[in-house]
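Commentary on secondary and tertiary structure
What follows is each chain in one-letter form.
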Amino acid sequence: MNKIVSVQDLGLKDYKQTWAYQESLFDAIVDSKISNRREGTFHPTPNHFLFVEHPHVYTLGKSGDLENLLISEKQLAEKGATFYKVNRGGDITYHGPGQIVGYPILDLDNFFTDIHKYLRLLEEVIILTLADYGVVASRSAGETGVWLDVGTPFARKICAMGVRASRWVTMHGFALNVNADLGYFDNMIPCGIKGKAVTSLHVELGVGSVNMDEVKSKIKTHFAALFEAELRESSDLLQNRATIDRAGA
């Protein structure tokens, strides 16, 4: 099993372009697995972990309800936001500047073949990262993601999650609000769950902003420990960015 994970920080990148890049990495892993099975070979399959920030965008999962987007196409344009229907689980989600989006594109045959465990470990990565800042977070029964003050009238979501998996290969992932503009969440019913608030790490800490690179570093540390993985920073970032641009063209 190959537990080496190539980590790439894509910076601020268009959602559609990054989605196309995810698909290209995902398809390459699936194709490699099919080839191994057909040829009776055992060539190791790669794993990837993308970090990215997106310009303002709303995405709707395959089981989502469009009515959970509360503004029109014209209003989206006025706010400088875009909208996409995507092939992940979950309902509607917002991405924007000040939010750390993580896309693990893993062959779970390299780790464990259990989607439930995969989601719970992703949640645990975020829970432990928030604990490093003194923020107590937890899961909410039946609601994937990471929450604060679960079971109280003040329950609020700080990290949304939605994944796709095929042949035990994953894509999409999590969106952690670090320095997010929470006003954009007013334009939707987050994850289709009515009556629940959304928060951001900088709000919880009562500061103007939190160092995003520091948070990413903590996420990587906890991810490596929980998945028993070896994370390696990609050395081909500029080439990868060019590949993203071509994929999204």
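Our structure's up above, just so we're on the same page.
Predicted, not measured: the structure shown is a model, and the values here were computed from it. (Residues numbered from 1 in each chain as written. Predicted model: local features only at pLDDT ≥ 70, side-chain atom pairs only at ≥ 80, totals over all residues. Heavy atoms only, no water.)

Notes on the pairing of strand E3 (residues 57-60)
What counts here: Here the term buried applies to any residue with accessible area under 20% of the maximum for its type, exposed to any over 50%, and partly exposed to those in between, with areas from a 1.4 Å probe on protein chains only. Where helices and strands are cited, they refer to DSSP runs of H or I of at least four residues and of E of at least two residues respectively, numbered from the N terminus. Strand pairing follows a simple DSSP-based rule, namely that at least 2 bridges must link the two strands. Crossovers are described as right-handed under a simple rule: with the strands pointing away from the observer, the path leading from the first strand over the helix to the second runs clockwise.
Residues Val57 and Thr59 line one face of E3 and the alternating positions Tyr58 and Leu60 line the opposite face, and both faces are buried. Pairing between E3 and strand E4 (residues 82-85): four bridges, direction parallel. Each bridged residue has a counterpart across the sheet, and for Thr59 the counterpart in E4 is Tyr84. After leaving E3, the chain enters helix H2 (residues 73-78) and then returns to the sheet as E4, a path that is right-handed. Summarising the sheet, E3 and strand E5 (residues 92-95) pair through four bridges and their orientation is antiparallel. The residue bridging Val57 from the neighbouring strand is His95, located in E5.

Here's the deal with the pattern of salt bridges
So the rule is basically this: Take a side-chain nitrogen of Lys or Arg and a carboxyl oxygen of Asp or Glu: if they are within 4 Å of each other, that pair is a salt bridge.
Across all of its chains, the model carries 14 salt bridges by this definition. A salt bridge links Asp9 to Lys216, with the shortest nitrogen-to-oxygen separation between them at 2.8 Å. Here Lys216 lies in helix H5 (residues 212-226) and Asp9 lies in strand E1 (residues 4-12), a separation of 207 residues in the sequence. A relative accessible area of 26% means that Asp9 is categorised as partly exposed. Between Lys220 and Glu233 there is a salt bridge, with the nearest N and O atoms lying 2.8 Å from each other. With a gap of 13 residues between them, Lys220 in helix H5 and Glu233 in strand E12 (residues 230-233) connect regions that are remote in the sequence. For Lys220, a relative accessible area of 22% gives the class partly exposed.

Considering the environment of Met1
Here is the rule we go by: Should any heavy atoms of two residues lie within 4.5 Å, those residues are considered in contact.
By the element assignment, Met1 lies in the segment before E1. According to the relative accessible area criterion, Met1 is exposed, its value standing at 74%. Distance in space between the C-alpha atoms of Met1 and Val207 is 43 Å, their sequence separation being 206 residues. Once residues within four sequence positions are removed from consideration, Met1 is found in contact with Asp109, Asn110 and Phe111.

Comments concerning the packing of aromatic side chains
Aromatic ring pairs are defined here through the distance separating the ring centres and the angle between the ring planes. Heads up, the rule is: For this analysis, a ring pair means two rings from Phe, Tyr or Trp (six-membered ring only for Trp) whose centres lie within 6.5 Å, classed as stacked if their planes differ by under 30 degrees, edge-to-face if by over 60, and tilted for the remaining angles.
Evaluated as defined, the whole model comprises 12 aromatic pairs. Each ring, one from Tyr94 and one from Tyr184, has its centre 5.4 Å from the other, and the planes form 15°; the classification is stacked. A residue pair is termed long-range when its members are at least 10 positions apart, and Tyr94 in strand E5 and Tyr184 in the loop between strand E10 (169-177) and strand E11 (197-198) qualify at 90 residues. Take Tyr94 and Tyr184: they sit in the same class, and that class is buried. Ring centres of Tyr94 and Phe185 lie 5.0 Å apart, and the angle between their planes is 75°; this geometry places the pair in the edge-to-face category. In this pair, Tyr94 is assigned in strand E5 and Phe185 in the loop between E10 and E11, connecting sequence segments 91 residues apart.

As for helix H1 (residues 15-39)
The α-helix winds at 3.6 residues per turn, so residues separated by three or four positions along the chain end up facing the same way. Short version of the rule: Helices are assigned an expected span. That span is 1.5 Å times one less than the residue count. Definition of a polar contact: a pair of N or O atoms within 3.5 Å, with one able to donate and the other able to accept a hydrogen when the atoms are protein atoms, and with sequence-neighbouring residues admitted only if both atoms are side-chain atoms.
Over its 25 residues, H1 extends 36 Å from the first C-alpha to the last, a length consistent with the 36 Å expected when each residue adds 1.5 Å. For H1, the capping residue at the N-terminal end is Asp14, with a side-chain oxygen 3.0 Å from the backbone nitrogen of Lys16. Where H1 terminates, the next one or two residues include Gly40, which has phi positive at roughly 70°.

Quick notes on H5
For H5, built from 15 residues, the straight-helix expectation of 21 Å at 1.5 Å per residue is met to within 8% by its first-to-last C-alpha distance of 21 Å. Among all positions of H5, only Met212, Val215, Lys216, Ile219, His222, Phe223 and Ala224 are buried. You can read the cap of H5 off the contacts: a side-chain oxygen lies 3.0 Å from the backbone nitrogen of Asp213, and it is on Asn211. One or two residues past the end of H5 sits Glu228, with phi positive at roughly 50°.

Section: the nonpolar core
The nonpolar side chains of soluble globular proteins are, as a tendency, buried together. Let me state the cut-off plainly: Buried Ala, Val, Leu, Ile, Met, Phe, Trp, Tyr and Cys residues form a nonpolar core when they are joined through side-chain atoms within 4.5 Å.
In this structure, Ile126, Phe174, Leu176, Ile219 and Phe227 are the most contacted members of the largest nonpolar core, which totals 37 residues. Looking at this core element by element, the count peaks at eight residues for helix H3 (residues 115-131). Beyond its immediate sequence surroundings of up to four residues, Ile219 is in contact with Phe49, Phe51, Ile100, Val125, Ile126, Thr129, Phe174 and Leu176. One finds Leu10, Ile29, Ile105 and Ala175 within the second-largest nonpolar core, a separate group that totals 18 residues.

A short note on the sheet that holds E5
As a reminder, the rule being used: To obtain an axis, a line is fitted to C-alpha atoms, over the contacting stretch when the element is a helix, and the angle between two such axes runs from 0 to 180 degrees between their N-to-C directions.
Pairing in this open sheet of three strands is mixed, and the strands run E4-E3-E5 from one edge to the other. Two strands in the sheet have a free side with no partner beyond their single neighbour: E4 and E5. The mean angle between the axes of side-by-side strands here comes to 20°, regardless of whether they run parallel or antiparallel. This element, H1, spans E3, E4 and E5 of the sheet and lies at about 30° to E4.

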